[in-house]
Amino acid sequence: MMKIYTLCAVALMCCLASCSSIQTLTFDQLCPATVNFPERVRNVAVVNNMPATPEAKRTLLTLGEMNGNGKKSTEMLASSLADSKYFNQVMICDSALNDTHFAGRRILTQKEVQQLAGELDADLIFSLDQVGIQTERDELVYPGIAASWPVIKAKVTPVLSIYLPERERPIQVIAKTDSLQWDAGLAPSDRQMQEEAASYAAYMLTQMLVPYWKQTERIYYDGGCVEMRDAAVCVRENDWQGAYDLWKSLFDHSKSNKLKIKSAFNLALASEMQGDLPQAEKWMKEVEKRVTAGSDEEAVWKFYAAQLAERSKDFPYLNAQMGRFGNKF
């Protein structure tokens, strides 16, 4: 449903942009992780606690269930966490800790955790317990096309336990499932599938463990008068204070309700881009008071109000997670 909503919203914005002075702005937005860590956690270690797996085939793909490669998966996760630069140090123990040949998830003892933490000089241990892979063949059918499209789908499910040396049990266990897909004629072998799963599992887990950047889009008004066009130049030059001053002057002095709506909407965006979300919400309330039900302006307001509400909800978590860097992001 969320994907359908997003597509409908994009279609709406494209329609509005075609009949009014609306521009699109693309920028990188920092998003909070799912997990919060105490600020004292600076050095971490990633350890391979995955079940042993037989050597994967190099030329054939086996449909069904298989386990990922523990060594490769641990290396990819440690590398991804190190690249994020969130922790001071990311150590790795890719030697298999799980030599029991038990296919399920194995819990580390407190003694094991304390020993690993001491040897690796880590405040916290990330134990990669499983990377489950489930592959199947499927046929995709597209509207208006008679023939189906054969594909190979793979569901990847990493499971990670988080340990502190002073605790007897994991403080948290996280897992996530997502899918990869290939044209059936270009499907990878079992060996390649394990490598793809290791990379994708690292990507999924990293976004749950540390703040991450994602590309985001916003819209703004840029026409109707000289001030709007001048402010648009400031936006393109990333001078948000300059744009704010021009839009604020326009809002204060214009007698046109439509210009007041557009300038207030843009002032909300400028406030957001300068990190002042409460001020952005105040300007959006000003827009809400002035828009007419069923108008294009109301549709634009609703679209941005939903985006702003989602970011405002995440902002306290992001502030807490970035406190170790003085909230500079």
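Residues numbered from 1 in each chain as written. Predicted model: local features only at pLDDT ≥ 70, side-chain atom pairs only at ≥ 80, totals over all residues. Heavy atoms only, no water.

S.K.: Explanation requested: the overall build of the protein in the structure shown.
M.R.: Tallying secondary structure elements over the protein gives nine helices and nine strands in all. Over its C-alpha trace the protein gives a radius of gyration of 25 Å, far above what one expects of a compact globule, namely 20 Å for 329 residues. Taken along its principal axes, the extent of the C-alpha atoms in the protein is 75 × 60 × 30 Å. Within the protein, the fraction of its 329 residues that count as buried is 44%. Taking the intrachain contacts of the protein between residues at least 6 apart in sequence as the baseline, contacts between residues at least 24 apart amount to 73%. Only carbon and sulfur atoms are counted for the fraction: they give 52% of the accessible area of the protein, which is about 17500 Å². (Helix = DSSP H or I, 4+ residues; strand = E, 2+ residues; numbered from the N terminus. Rg over C-alpha atoms; globule rule 2.2 N^0.38 Å. Buried < 20%, exposed > 50% of the residue type's maximum accessible area, 1.4 Å probe, protein only. Contact = heavy atoms within 4.5 Å. Areas by Shrake-Rupley, 256 points an atom, 1.4 Å probe, with all protein chains shown as cover.)

S.K.: What is the right way to read empty space enclosed by the protein from this model?
M.R.: Over the atoms rolls a probe the size of a water molecule, and its path tells where empty space is left. Counting across every chain of the model gives one cavity of 30 Å³ or more. Estimated volume of the largest cavity: approximately 50 Å³. Residue lining of the largest cavity: Gln-29, Leu-30, Cys-31, Pro-32, Arg-311, Asp-314, Phe-315 and Leu-318, and that is the complete set. Elements supplying a minimum of two residues to the lining of the largest cavity: strand S1 (22–31) and helix H9 (296–321). Examining the composition of the lining of the largest cavity, we find that four residues originate from one element, H9, more than from any other. Tallied by class, the residues present in the lining of the largest cavity amount to five nonpolar, one polar and two charged. (1 Å grid on protein atoms, 1.4 Å probe; cavity = no way out; pocket = protein on both sides within 12 Å on 5 of 7 lines; lining within 4 Å. Points joined across faces, edges and corners; volume = space filled by probe spheres on them. Nonpolar A, V, L, I, M, F, W, Y, C, P; charged D, E, K, R; others polar.)

S.K.: When you look at the packing of aromatic side chains in this model, what are you seeing that I'm missing?
M.R.: The relative placement of two aromatic rings is captured by the distance of their centres and the angle of their planes. The full count for this structure, using the stated rule, is nine aromatic pairs. Relative to Phe-265, the ring of Tyr-221 has its centre 5.5 Å away and its plane inclined at 80 degrees; by these criteria the two rings are edge-to-face. You can see Tyr-221 sitting in strand S9 (residues 212–221) and its partner Phe-265 sitting in helix H7 (residues 257–273), a full 44 residues away along the chain. On the basis of relative accessibility, which here comes to 1%, the residue Phe-265 falls in the buried class. Clustering of aromatic rings is evident, with ring pairs tying together Phe-37, Tyr-86, Phe-87, Phe-126 and Phe-325. We note Lys-260 situated over the ring of Phe-251; from NZ or CZ to the ring centre the distance is 4.5 Å. (Phe/Tyr/Trp six-rings, centres within 6.5 Å; stacked < 30°, edge-to-face > 60°. Lys NZ or Arg CZ within 6 Å of the ring centre and 35° of its normal.)

S.K.: Just checking my understanding: could you explain the packing of H7 against H9 for this structure?
M.R.: It is at 12 Å that the axes of H7 and H9 come closest, and there the two elements cross at 15 degrees. Comparing their axes, H9 and H7 come out roughly parallel. Regarding H7 and H9, the two cross each other, and that crossing is left-handed. Counted together, Lys-258, Ile-261, Lys-262, Phe-265, Ala-268, Leu-269 and Glu-272 of H7 and Glu-297, Val-300, Trp-301, Tyr-304, Leu-308 and Arg-311 of H9 form the full contact between these two elements. Partitioning the contact of H7 with H9 into residue classes produces eight nonpolar, no polar and five charged. (Axes fitted to C-alpha atoms, helices over the stretch in contact; angles between N-to-C directions. Parallel < 35°, antiparallel > 145°, perpendicular 65-115°, else oblique. Left-handed = near helix turned anticlockwise from the far one by under 90°.)

S.K.: Is there a simple way to think about a nonpolar patch on the surface in this case?
M.R.: A contiguous nonpolar patch, built from Tyr-142, Ile-145 and Trp-149 and spanning about 330 Å² of accessible area, is present on the exposed surface. Its place among the elements puts Trp-149 in strand S6 (residues 149–163). Take Trp-149: its relative accessible area is 46%, and that puts it in the partly exposed class. (Patch = residues over 30% accessible without salt bridge, like charges linked within 9 Å, V, L, I, M, F, W, Y side chains within 5 Å. Salt bridge = Lys/Arg side-chain N within 4 Å of Asp/Glu carboxyl O.)

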